[in-house]
Amino acid sequence: MSINYEKSTTDEQLAPVKLSDDDESEDNNTKTTTEQSTGKQNRSENDDADVEADPGAEAEADADADGEAIGAANTHVVAHHYNELKETGRKERHKSKILYMRNFNNWIKSQLINEYMDLIKQQKRVGDALRVLDMCCGKGGDLLKWEKAFISHLICTDIAEVSVEQCQQRYQDILQRAESSKFAHKFTAEFFACDSTMVRLRERYKDASLQLNLVSCQFAFHYCFESLQQADCMIRNAAECLQPGGYFIATFPDAYEIMKRLREAGPDARGFGNDVYSIEFECNTKVLPLFGAKYRFHLEGVVDCPEFLVHFPTLVKLARRHGLQLVRRSSFAEYFKETLPQGRQLLQRMSGLETIQPYRCDTKDQFEHVLRILGTQRARSVGTLSKAEWEATTLYLVCAFKKCKNSWDANGKPVFKFDD
Ligand SMILES: C[S@@+](CC[C@H](N)C(=O)[O-])C[C@H]1O[C@@H](n2cnc3c(N)ncnc32)[C@H](O)[C@@H]1O
(Lines give C-alpha, C1' and ligand atoms only; values in the text may rest on other atoms or scores of the structure.)
Protein backbone atom coordinates (compact mmCIF):
# COMPACT_ATOMS: atom_id res chain seq x y z
CA MET A 1 0.00 0.00 0.00
CA SER A 2 1.39 3.41 -0.80
CA ILE A 3 0.23 6.44 1.09
CA ASN A 4 0.58 9.74 -0.64
CA TYR A 5 1.60 12.61 1.61
CA GLU A 6 3.34 14.32 -1.26
CA LYS A 7 1.29 17.29 -2.16
CA SER A 8 2.44 20.81 -1.82
CA THR A 9 0.18 23.27 -0.14
CA THR A 10 0.53 27.01 -0.01
CA ASP A 11 3.87 28.69 -0.05
CA GLU A 12 2.76 32.01 1.24
CA GLN A 13 4.94 34.54 2.93
CA LEU A 14 3.87 36.92 5.61
CA ALA A 15 3.88 40.42 4.36
CA PRO A 16 4.05 43.32 6.75
CA VAL A 17 0.51 44.22 7.66
CA LYS A 18 -1.34 47.32 8.52
CA LEU A 19 -2.74 46.77 11.99
CA SER A 20 -5.25 49.56 12.20
CA ASP A 21 -6.51 52.43 10.11
CA ASP A 22 -4.71 54.84 12.43
CA ASP A 23 -1.40 53.32 11.44
CA GLU A 24 -1.65 55.01 8.09
CA SER A 25 -0.73 58.33 9.61
CA GLU A 26 2.95 59.19 9.44
CA ASP A 27 2.45 60.89 12.80
CA ASN A 28 2.62 57.62 14.68
CA ASN A 29 5.76 56.57 12.84
CA THR A 30 4.05 53.73 11.06
CA LYS A 31 3.71 53.35 7.34
CA THR A 32 2.29 49.96 6.50
CA THR A 33 1.00 47.82 3.70
CA THR A 34 -1.47 44.96 3.42
CA GLU A 35 0.28 43.43 0.44
CA GLN A 36 0.55 39.67 0.69
CA SER A 37 2.67 37.63 -1.64
CA THR A 38 0.85 34.46 -2.62
CA GLY A 39 2.83 31.47 -3.76
CA LYS A 40 1.82 28.49 -5.86
CA GLN A 41 -0.94 26.20 -4.73
CA ASN A 42 -1.35 22.89 -6.44
CA ARG A 43 -3.49 20.88 -4.10
CA SER A 44 -5.30 18.20 -6.07
CA GLU A 45 -9.00 18.62 -6.84
CA ASN A 46 -9.88 15.38 -5.17
CA ASP A 47 -7.90 14.62 -2.04
CA ASP A 48 -9.88 11.42 -1.61
CA ALA A 49 -8.16 9.87 -4.61
CA ASP A 50 -5.02 9.57 -2.53
CA VAL A 51 -6.38 7.07 -0.08
CA GLU A 52 -5.54 3.76 -1.58
CA ALA A 53 -6.56 1.89 1.52
CA ASP A 54 -9.83 1.86 3.41
CA PRO A 55 -8.95 3.08 6.90
CA GLY A 56 -11.17 0.26 8.19
CA ALA A 57 -8.85 -2.29 6.64
CA GLU A 58 -5.98 -0.65 8.48
CA ALA A 59 -7.62 -1.72 11.74
CA GLU A 60 -6.55 -5.26 11.09
CA ALA A 61 -3.02 -4.22 10.35
CA ASP A 62 -3.07 -2.33 13.63
CA ALA A 63 -4.12 -5.29 15.74
CA ASP A 64 -1.61 -7.69 17.23
CA ALA A 65 -1.94 -11.49 17.39
CA ASP A 66 -4.22 -11.38 20.46
CA GLY A 67 -6.51 -8.93 18.78
CA GLU A 68 -5.38 -6.13 21.11
CA ALA A 69 -4.98 -2.71 19.58
CA ILE A 70 -1.39 -1.65 19.26
CA GLY A 71 -0.31 1.94 19.38
CA ALA A 72 -1.08 4.33 22.24
CA ALA A 73 2.49 3.70 23.41
CA ASN A 74 3.19 7.41 23.22
CA THR A 75 0.26 8.91 25.09
CA HIS A 76 1.97 8.58 28.50
CA VAL A 77 5.07 10.32 27.07
CA VAL A 78 2.86 13.17 25.87
CA ALA A 79 0.99 13.34 29.19
CA HIS A 80 4.30 13.39 31.10
CA HIS A 81 5.67 16.16 28.90
CA TYR A 82 2.65 18.44 29.40
CA ASN A 83 2.38 17.62 33.13
CA GLU A 84 6.00 18.68 33.61
CA LEU A 85 5.68 21.87 31.59
CA LYS A 86 6.24 24.80 33.93
CA GLU A 87 3.74 27.63 33.96
CA THR A 88 5.87 30.57 32.83
CA GLY A 89 5.23 34.01 34.22
CA ARG A 90 4.53 37.07 32.11
CA LYS A 91 8.19 38.17 32.42
CA GLU A 92 9.53 34.86 31.09
CA ARG A 93 6.98 34.78 28.27
CA HIS A 94 8.07 38.22 27.16
CA LYS A 95 11.64 36.96 26.77
CA SER A 96 10.53 34.05 24.56
CA LYS A 97 11.73 33.88 20.96
CA ILE A 98 8.21 32.84 19.97
CA LEU A 99 6.20 35.39 21.94
CA TYR A 100 4.58 36.90 18.85
CA MET A 101 3.99 33.55 17.21
CA ARG A 102 2.18 32.34 20.33
CA ASN A 103 0.05 35.47 20.31
CA PHE A 104 -0.54 35.03 16.59
CA ASN A 105 -1.63 31.39 17.10
CA ASN A 106 -3.90 32.53 19.89
CA TRP A 107 -5.45 35.06 17.51
CA ILE A 108 -6.02 32.32 14.90
CA LYS A 109 -7.87 30.30 17.56
CA SER A 110 -9.98 33.35 18.49
CA GLN A 111 -10.89 33.92 14.86
CA LEU A 112 -11.85 30.28 14.40
CA ILE A 113 -13.90 30.11 17.60
CA ASN A 114 -15.68 33.39 16.81
CA GLU A 115 -16.43 32.32 13.23
CA TYR A 116 -18.14 29.07 14.26
CA MET A 117 -19.79 30.42 17.43
CA ASP A 118 -21.36 33.12 15.22
CA LEU A 119 -22.69 30.47 12.82
CA ILE A 120 -24.13 28.49 15.74
CA LYS A 121 -25.75 31.59 17.23
CA GLN A 122 -27.44 32.29 13.88
CA GLN A 123 -29.26 28.94 14.25
CA LYS A 124 -30.42 29.79 17.79
CA ARG A 125 -32.75 32.10 19.63
CA VAL A 126 -31.48 34.58 22.20
CA GLY A 127 -31.21 32.84 25.56
CA ASP A 128 -30.75 29.33 24.11
CA ALA A 129 -28.07 27.27 25.85
CA LEU A 130 -24.64 27.10 24.18
CA ARG A 131 -22.60 24.07 25.22
CA VAL A 132 -18.96 23.51 24.32
CA LEU A 133 -16.44 20.68 24.71
CA ASP A 134 -12.81 21.85 24.86
CA MET A 135 -11.07 18.54 24.09
CA CYS A 136 -7.34 18.60 25.06
CA CYS A 137 -7.94 21.94 26.79
CA GLY A 138 -4.44 22.21 28.27
CA LYS A 139 -4.16 24.83 31.03
CA GLY A 140 -7.29 26.57 29.78
CA GLY A 141 -5.74 28.98 27.29
CA ASP A 142 -9.16 29.36 25.63
CA LEU A 143 -11.28 30.00 28.76
CA LEU A 144 -11.52 33.74 28.13
CA LYS A 145 -12.56 33.05 24.55
CA TRP A 146 -15.45 30.91 25.84
CA GLU A 147 -16.40 33.63 28.29
CA LYS A 148 -16.44 36.22 25.52
CA ALA A 149 -18.51 33.90 23.30
CA PHE A 150 -21.24 33.93 26.02
CA ILE A 151 -21.46 30.15 26.27
CA SER A 152 -23.59 28.57 28.99
CA HIS A 153 -21.70 25.34 29.72
CA LEU A 154 -18.14 24.14 29.13
CA ILE A 155 -16.58 20.69 29.42
CA CYS A 156 -12.80 20.72 29.71
CA THR A 157 -10.70 17.59 29.42
CA ASP A 158 -7.04 16.81 28.87
CA ILE A 159 -4.71 13.86 29.37
CA ALA A 160 -2.41 15.92 31.64
CA GLU A 161 -3.93 16.09 35.15
CA VAL A 162 -1.74 19.04 36.15
CA SER A 163 -3.03 21.05 33.20
CA VAL A 164 -6.64 20.21 34.02
CA GLU A 165 -6.10 21.41 37.61
CA GLN A 166 -4.62 24.69 36.36
CA CYS A 167 -7.49 25.04 33.91
CA GLN A 168 -10.01 24.58 36.70
CA GLN A 169 -8.19 27.16 38.84
CA ARG A 170 -8.32 29.67 35.98
CA TYR A 171 -12.03 29.04 35.62
CA GLN A 172 -12.49 29.76 39.37
CA ASP A 173 -10.60 33.03 38.85
CA ILE A 174 -12.98 33.97 36.04
CA LEU A 175 -15.98 33.23 38.28
CA GLN A 176 -14.51 35.34 41.06
CA ARG A 177 -13.91 38.20 38.68
CA ALA A 178 -17.48 37.86 37.46
CA GLU A 179 -18.70 38.40 41.06
CA SER A 180 -17.21 41.86 41.13
CA SER A 181 -18.02 42.96 37.57
CA LYS A 182 -21.50 43.28 36.18
CA PHE A 183 -20.10 43.00 32.64
CA ALA A 184 -18.43 39.61 33.11
CA HIS A 185 -20.25 36.53 31.86
CA LYS A 186 -20.69 33.46 34.05
CA PHE A 187 -20.95 29.93 32.70
CA THR A 188 -21.00 26.50 34.32
CA ALA A 189 -18.14 24.07 33.68
CA GLU A 190 -16.93 20.54 34.40
CA PHE A 191 -13.36 19.24 34.30
CA PHE A 192 -11.75 15.82 34.14
CA ALA A 193 -8.43 14.33 33.08
CA CYS A 194 -8.50 11.51 30.54
CA ASP A 195 -7.09 10.27 27.27
CA SER A 196 -9.50 11.37 24.52
CA THR A 197 -7.99 8.81 22.16
CA MET A 198 -8.83 5.88 24.46
CA VAL A 199 -11.86 6.82 26.55
CA ARG A 200 -15.47 7.49 25.57
CA LEU A 201 -15.88 11.01 26.91
CA ARG A 202 -19.67 11.06 27.13
CA GLU A 203 -19.47 8.42 29.86
CA ARG A 204 -17.52 10.94 31.93
CA TYR A 205 -19.91 13.85 31.45
CA LYS A 206 -22.15 14.80 34.38
CA ASP A 207 -25.06 14.35 31.97
CA ALA A 208 -24.35 11.63 29.36
CA SER A 209 -27.29 12.78 27.22
CA LEU A 210 -25.92 16.32 26.95
CA GLN A 211 -26.09 17.87 23.48
CA LEU A 212 -23.14 20.02 22.45
CA ASN A 213 -23.08 22.90 19.99
CA LEU A 214 -19.33 23.11 19.47
CA VAL A 215 -16.35 20.81 20.01
CA SER A 216 -12.91 22.42 19.89
CA CYS A 217 -9.59 20.60 19.75
CA GLN A 218 -6.74 23.09 19.44
CA PHE A 219 -3.14 22.10 18.64
CA ALA A 220 -3.77 18.53 19.79
CA PHE A 221 -5.80 16.50 17.30
CA HIS A 222 -2.66 15.05 15.63
CA TYR A 223 -1.85 13.01 18.76
CA CYS A 224 -4.70 10.64 17.88
CA PHE A 225 -3.19 9.56 14.55
CA GLU A 226 -0.97 7.09 16.37
CA SER A 227 -3.39 4.29 15.42
CA LEU A 228 -6.73 3.85 13.70
CA GLN A 229 -8.41 2.94 17.00
CA GLN A 230 -7.22 6.13 18.65
CA ALA A 231 -8.19 8.34 15.71
CA ASP A 232 -11.61 6.73 15.54
CA CYS A 233 -12.11 7.14 19.29
CA MET A 234 -11.13 10.83 19.23
CA ILE A 235 -13.38 11.56 16.25
CA ARG A 236 -16.28 9.72 17.85
CA ASN A 237 -15.73 11.82 20.98
CA ALA A 238 -15.86 14.94 18.83
CA ALA A 239 -18.97 13.86 16.96
CA GLU A 240 -21.30 11.81 19.06
CA CYS A 241 -22.74 14.49 21.36
CA LEU A 242 -22.83 17.25 18.74
CA GLN A 243 -26.27 18.47 17.78
CA PRO A 244 -27.02 18.39 14.03
CA GLY A 245 -25.79 21.75 12.76
CA GLY A 246 -23.08 21.88 15.45
CA TYR A 247 -19.37 22.15 14.57
CA PHE A 248 -16.10 20.43 15.36
CA ILE A 249 -13.15 22.81 14.92
CA ALA A 250 -9.46 21.94 15.14
CA THR A 251 -5.93 23.18 14.47
CA PHE A 252 -3.04 20.77 13.82
CA PRO A 253 0.08 20.40 11.66
CA ASP A 254 -0.45 20.00 7.93
CA ALA A 255 1.11 16.67 6.87
CA TYR A 256 1.52 17.82 3.25
CA GLU A 257 3.43 20.90 4.36
CA ILE A 258 5.65 18.77 6.60
CA MET A 259 6.43 16.35 3.78
CA LYS A 260 7.07 19.21 1.37
CA ARG A 261 9.64 20.71 3.75
CA LEU A 262 11.23 17.31 4.32
CA ARG A 263 11.66 16.85 0.56
CA GLU A 264 13.17 20.32 0.30
CA ALA A 265 15.64 19.42 3.07
CA GLY A 266 17.23 16.81 0.78
CA PRO A 267 16.74 13.19 -0.33
CA ASP A 268 18.23 11.63 2.83
CA ALA A 269 17.03 14.20 5.33
CA ARG A 270 15.19 12.86 8.37
CA GLY A 271 14.17 16.26 9.59
CA PHE A 272 14.27 20.01 9.22
CA GLY A 273 13.64 23.14 11.24
CA ASN A 274 15.05 26.49 12.24
CA ASP A 275 15.91 28.50 15.37
CA VAL A 276 12.50 28.04 16.94
CA TYR A 277 11.20 24.63 15.84
CA SER A 278 12.41 21.27 14.56
CA ILE A 279 10.88 18.07 13.22
CA GLU A 280 12.81 14.80 13.26
CA PHE A 281 11.18 11.66 11.86
CA GLU A 282 11.29 8.51 13.96
CA CYS A 283 9.93 6.22 11.23
CA ASN A 284 10.84 5.28 7.69
CA THR A 285 9.87 8.32 5.64
CA LYS A 286 10.09 6.42 2.35
CA VAL A 287 7.11 4.19 3.26
CA LEU A 288 4.98 6.22 5.60
CA PRO A 289 2.04 4.49 7.24
CA LEU A 290 -1.49 5.87 7.36
CA PHE A 291 -1.34 5.88 11.17
CA GLY A 292 1.70 6.04 13.41
CA ALA A 293 3.78 8.22 11.04
CA LYS A 294 5.80 9.45 13.98
CA TYR A 295 8.11 12.43 14.29
CA ARG A 296 9.55 14.35 17.21
CA PHE A 297 8.39 17.94 17.34
CA HIS A 298 10.33 20.56 19.22
CA LEU A 299 9.04 24.08 19.65
CA GLU A 300 11.16 26.51 21.63
CA GLY A 301 10.28 26.12 25.32
CA VAL A 302 6.76 24.72 24.84
CA VAL A 303 6.68 21.40 22.99
CA ASP A 304 9.09 18.46 22.85
CA CYS A 305 6.97 15.44 22.08
CA PRO A 306 6.26 12.60 19.68
CA GLU A 307 3.58 13.59 17.17
CA PHE A 308 1.92 11.93 14.17
CA LEU A 309 1.14 12.97 10.63
CA VAL A 310 -2.57 13.37 10.00
CA HIS A 311 -3.37 11.91 6.60
CA PHE A 312 -6.12 14.36 5.69
CA PRO A 313 -8.20 12.23 3.28
CA THR A 314 -8.30 9.52 5.95
CA LEU A 315 -9.46 12.02 8.55
CA VAL A 316 -12.25 13.14 6.21
CA LYS A 317 -13.37 9.52 5.69
CA LEU A 318 -13.32 8.71 9.40
CA ALA A 319 -15.20 11.91 10.19
CA ARG A 320 -17.95 11.01 7.72
CA ARG A 321 -18.46 7.69 9.48
CA HIS A 322 -19.44 9.74 12.52
CA GLY A 323 -21.64 12.18 10.61
CA LEU A 324 -19.11 15.00 10.34
CA GLN A 325 -18.83 16.77 7.01
CA LEU A 326 -15.75 18.82 6.18
CA VAL A 327 -16.66 22.47 5.71
CA ARG A 328 -13.28 24.16 6.00
CA ARG A 329 -9.65 23.31 5.54
CA SER A 330 -7.29 26.30 5.37
CA SER A 331 -3.61 26.69 6.07
CA PHE A 332 -2.79 29.29 8.75
CA ALA A 333 -1.40 31.50 5.98
CA GLU A 334 -4.71 31.29 4.08
CA TYR A 335 -6.81 31.77 7.20
CA PHE A 336 -4.75 34.77 8.27
CA LYS A 337 -5.24 36.39 4.89
CA GLU A 338 -8.97 35.60 4.78
CA THR A 339 -9.86 36.77 8.29
CA LEU A 340 -7.48 39.70 8.71
CA PRO A 341 -10.05 42.27 7.50
CA GLN A 342 -12.44 41.36 10.37
CA GLY A 343 -9.72 40.50 12.87
CA ARG A 344 -7.25 43.35 12.45
CA GLN A 345 -8.09 45.15 15.67
CA LEU A 346 -8.11 41.97 17.71
CA LEU A 347 -4.75 41.00 16.21
CA GLN A 348 -3.38 44.30 17.37
CA ARG A 349 -4.88 44.00 20.86
CA MET A 350 -3.44 40.49 21.19
CA SER A 351 0.01 41.64 19.97
CA GLY A 352 -0.15 38.93 17.33
CA LEU A 353 2.50 40.64 15.23
CA GLU A 354 5.76 42.27 16.17
CA THR A 355 6.21 45.92 15.29
CA ILE A 356 9.60 46.27 13.68
CA GLN A 357 11.65 48.92 11.99
CA PRO A 358 12.71 46.98 8.88
CA TYR A 359 15.78 49.06 8.03
CA ARG A 360 17.41 48.85 11.45
CA CYS A 361 20.65 46.85 11.22
CA ASP A 362 20.06 44.48 14.16
CA THR A 363 16.74 43.23 12.80
CA LYS A 364 17.72 42.87 9.15
CA ASP A 365 18.58 39.15 9.30
CA GLN A 366 15.40 38.01 10.97
CA PHE A 367 13.22 40.26 8.86
CA GLU A 368 14.91 40.08 5.48
CA HIS A 369 11.61 38.73 4.07
CA VAL A 370 9.93 42.00 5.06
CA LEU A 371 12.52 44.05 3.20
CA ARG A 372 12.05 41.85 0.15
CA ILE A 373 8.30 42.36 0.16
CA LEU A 374 8.51 46.07 0.88
CA GLY A 375 10.83 46.46 -2.11
CA THR A 376 11.24 50.10 -2.83
CA GLN A 377 8.45 51.16 -0.49
CA ARG A 378 9.68 53.00 2.58
CA ALA A 379 8.21 52.16 5.98
CA ARG A 380 9.52 53.18 9.36
CA SER A 381 7.69 50.40 11.18
CA VAL A 382 5.49 47.48 10.22
CA GLY A 383 3.74 44.57 11.93
CA THR A 384 5.09 41.14 11.06
CA LEU A 385 6.55 37.90 12.44
CA SER A 386 10.19 36.86 12.25
CA LYS A 387 10.95 34.48 9.37
CA ALA A 388 11.58 31.63 11.84
CA GLU A 389 8.26 32.17 13.63
CA TRP A 390 6.36 32.44 10.34
CA GLU A 391 7.90 29.16 9.16
CA ALA A 392 6.78 27.52 12.40
CA THR A 393 3.23 28.85 12.41
CA THR A 394 2.63 28.03 8.74
CA LEU A 395 3.12 24.34 9.50
CA TYR A 396 -0.44 24.37 10.78
CA LEU A 397 -3.93 24.30 9.35
CA VAL A 398 -7.41 25.03 10.64
CA CYS A 399 -10.33 22.82 9.83
CA ALA A 400 -14.03 22.63 10.61
CA PHE A 401 -16.61 19.87 10.29
CA LYS A 402 -20.40 20.20 10.51
CA LYS A 403 -22.54 17.55 12.19
CA CYS A 404 -25.16 16.25 9.77
CA LYS A 405 -28.77 15.40 10.43
CA ASN A 406 -29.52 11.71 10.63
CA SER A 407 -32.29 9.14 10.59
CA TRP A 408 -32.06 5.60 12.05
CA ASP A 409 -31.85 2.27 10.25
CA ALA A 410 -33.66 -0.92 11.31
CA ASN A 411 -30.74 -1.84 13.61
CA GLY A 412 -30.84 1.50 15.37
CA LYS A 413 -27.71 2.78 13.63
CA PRO A 414 -27.62 6.40 12.49
CA VAL A 415 -27.86 7.09 8.75
CA PHE A 416 -26.33 10.50 8.09
CA LYS A 417 -27.66 12.93 5.49
CA PHE A 418 -24.69 14.79 4.01
CA ASP A 419 -25.15 17.97 1.99
CA ASP A 420 -22.97 16.72 -0.89
C1 LIG B 1 -0.21 22.10 22.47
S2 LIG B 1 -1.22 21.73 23.82
C3 LIG B 1 -2.70 22.64 23.43
C4 LIG B 1 -3.54 22.97 24.63
C5 LIG B 1 -4.80 23.81 24.32
N6 LIG B 1 -5.73 23.12 23.45
C7 LIG B 1 -4.43 25.14 23.73
O8 LIG B 1 -4.70 25.39 22.55
O9 LIG B 1 -3.88 25.96 24.47
C10 LIG B 1 -1.71 20.06 23.47
C11 LIG B 1 -2.57 19.46 24.57
O12 LIG B 1 -3.07 18.20 24.13
C13 LIG B 1 -3.12 17.35 25.26
N14 LIG B 1 -3.18 15.95 24.80
C15 LIG B 1 -2.28 15.29 24.06
N16 LIG B 1 -2.68 14.02 23.83
C17 LIG B 1 -3.89 13.89 24.43
C18 LIG B 1 -4.82 12.83 24.56
N19 LIG B 1 -4.56 11.62 24.03
N20 LIG B 1 -5.97 13.03 25.24
C21 LIG B 1 -6.22 14.24 25.80
N22 LIG B 1 -5.37 15.29 25.74
C23 LIG B 1 -4.21 15.13 25.05
C24 LIG B 1 -1.83 17.69 25.99
O25 LIG B 1 -1.82 17.26 27.33
C26 LIG B 1 -1.80 19.20 25.85
O27 LIG B 1 -2.43 19.85 26.91
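Since this is a predicted model, take the numbers as computed values, not measurements. (Residues numbered from 1 in each chain as written. Predicted model: local features only at pLDDT ≥ 70, side-chain atom pairs only at ≥ 80, totals over all residues. Heavy atoms only, no water.)

J.: What's the story with the sheet that holds strand S1 (residues 131-135) in this structure? I'm lost.
T.: Hydrogen bonds between backbone atoms are what pair the strands of a sheet, whose relative direction is either parallel or antiparallel. In spatial order, the strands read S3-S2-S1-S4-S5-S13-S10; together these seven strands make up an open sheet with mixed pairing. The sheet is open, and its two borders are formed by strand S3 (188-193) and strand S10 (324-331), each paired with just one other strand. Across the sheet, the mean angle from the axis of one strand to that of its neighbour is 15°, orientation sign disregarded. Judged from the five bridges that link them, S1 and strand S2 (residues 153-158) form a sheet pairing that is parallel. Bridging from a neighbouring strand, Met135 pairs with Thr157 of S2. Sheet contacts for helix H4 (residues 99-122): S1, strand S4 (212-218), strand S5 (242-253), S10 and strand S13 (396-403); angle to S5, the most-contacted strand, approximately 170°. (Pairing = 2+ DSSP bridges. Helix = DSSP H or I, 4+ residues; strand = E, 2+ residues; numbered from the N terminus. Axes fitted to C-alpha atoms, helices over the stretch in contact; angles between N-to-C directions. Contact = heavy atoms within 4.5 Å.)

J.: What should I look at first to understand the pairing of S4 in this one?
T.: Walk down a regular strand and you will see the side chains alternate between the two sheet faces. Most of S4 sits out of view: seven of its seven residues are buried. Relative to S5, S4 is paired through six bridges, and the arrangement is parallel. Each bridged residue has a counterpart across the sheet, and for Leu212 the counterpart in S5 is Leu242. Traced from S4 through helix H7 (residues 228-239) to S5, the parallel crossover comes out right-handed. (Buried < 20%, exposed > 50% of the residue type's maximum accessible area, 1.4 Å probe, protein only. Right-handed = clockwise from strand over helix to strand, strands pointing away.)

J.: How do you make sense of the domain arrangement of the protein when you look at a structure like this?
T.: How big an interface is tends to be stated in terms of accessible area lost as the parts join. In terms of domains, the protein is made up of domain 1 (72-253 + 309-340 + 396-416) and domain 2 (347-387). A straight line from the C-alpha centre of domain 1 to that of domain 2 covers 33 Å. Residue-level contacts link nine residues of domain 1 with seven residues of domain 2. Ranking the residues of domain 1 by area buried against domain 2 places Tyr100, Phe104 and Trp107 at the top, with a combined share of 62%. Our enumeration of links across domain 1 and domain 2 arrives at zero salt bridges. Remark: the boundary between domain 1 and domain 2 carries two residue pairs in polar contact (both at pLDDT 80 or more). Looking at the side of domain 1 that touches domain 2, the elements with two or more residues in it are H4 and helix H10 (332-349). A per-class count over the side of domain 1 that touches domain 2 returns six nonpolar, three polar and no charged. (Domains from an automatic or database assignment. Buried area = accessible area lost by both parts, 1.4 Å probe. Salt bridge = Lys/Arg side-chain N within 4 Å of Asp/Glu carboxyl O. Polar contact = N/O pair within 3.5 Å; in protein donor to acceptor, adjacent residues only side chain to side chain. Nonpolar A, V, L, I, M, F, W, Y, C, P; charged D, E, K, R; others polar.)

J.: It is not clear to me how the environment of Val164 should be interpreted in this structure. Could you clarify?
T.: Looking at the secondary structure, you find Val164 in helix H6 (residues 161-180). Judged by its relative accessible area of 6%, Val164 falls in the buried class. Distance in space between the C-alpha atoms of Val164 and Cys194 is 9.5 Å, their sequence separation being 30 residues. In contact with Val164, other than residues within four places in its own chain, are Gly138, Asp158, Phe191, Phe192 and Ala193.

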